[in-house]
Amino acid sequence: MHWFWRMALSMVVTCILASPFAVFVDDVFPVVMKLTRIIGQRTTVFILGVIPSMVCSMSIYGLLTRYCGPEIPFDGETRCRKCLYILKGITKPRCPECGERI
Ligand SMILES: [Zn+2]
């Protein structure tokens, strides 16, 4: 799966998971109201909204990358992004196998 679709899917799933909390957060959690009075609304939104959303989104993206991502071997070699040819000892900025510009 392409990185764009993994990112888009992780953002959609995060929005679906976070939407009930976004609607009821003021009514359900009095702690949020206390925290808002103490540290301010923007900081509260950042701590309780942005950080968990980022963690959730990155976790889903990581899982999708692990199970549906590109099958690039992690052997420490520099490879062509198109054909995965090992780019060792090349003199021109092009892949000798497929011609992809590096
Ligand atoms: Zn190539």
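Since this is a predicted model, take the numbers as computed values, not measurements. (Residues numbered from 1 in each chain as written. Predicted model: local features only at pLDDT ≥ 70, side-chain atom pairs only at ≥ 80, totals over all residues. Heavy atoms only, no water.)

Peer 1: Explain the pattern of salt bridges here, please?
Peer 2: Any two side chains of opposite charge can pair, given that their charged atoms come close. Using the criterion set out here, one finds 3 salt bridges in the structure. One salt bridge in this structure joins Asp75 and Arg79, with 2.5 Å as the shortest N-O distance. A salt bridge links Lys88 to Glu77, with the nearest nitrogen and oxygen atoms 3.5 Å apart. Of this pair, Lys88 sits in the segment after helix H3 (41–68) while Glu77 sits in the segment after H3; the two residues are 11 residues apart in sequence, bridging distant segments of the chain. (Salt bridge = Lys/Arg side-chain N within 4 Å of Asp/Glu carboxyl O. Helix = DSSP H or I, 4+ residues; strand = E, 2+ residues; numbered from the N terminus.)

Peer 1: Could you clarify how one ought to interpret a nonpolar patch on the surface in this entry?
Peer 2: Where nonpolar side chains cluster on the molecular surface, the patch consists of Ile38, Ile39, Val45, Phe46, Ile47, Leu48, Val50, Ile51, Met54, Val55 and Met58 and spans about 970 Å² of accessible area. Per-element tally for the nonpolar patch: the top contributor is H3, with 9 residues. Residue position: Ile51 is located in helix H3. (Patch = residues over 30% accessible without salt bridge, like charges linked within 9 Å, V, L, I, M, F, W, Y side chains within 5 Å. Areas by Shrake-Rupley, 256 points an atom, 1.4 Å probe, with all protein chains shown as cover.)

Peer 1: What's the story with the coordination of the zinc ion in this structure? I'm lost.
Peer 2: Four donors placed tetrahedrally around a metal ideally meet at 109.5 degrees, and six donors placed octahedrally ideally meet at 90 or 180 degrees. Within the first shell, the zinc ion binds the protein through Cys80 (SG), Cys83 (SG), Cys95 (SG) and Cys98 (SG), at distances of 2.2 to 2.3 Å. Geometry at the zinc ion is tetrahedral, judged from its 4 donor atoms and the angles of 104 to 114° they form at the metal. Of note, the donors binding the zinc ion are all from one chain and are spaced C-x2-C-x11-C-x2-C. Note that Cys83 is positioned in the segment after H3 and Cys95 in the segment after H3, a separation of 12 residues in sequence. (Donors = N, O, S within 2.8 Å, 3.2 Å for Na, K, Ca; no water. Tetrahedral: all angles 85-135°; square planar, octahedral: opposite > 155°, others 65-115°.)

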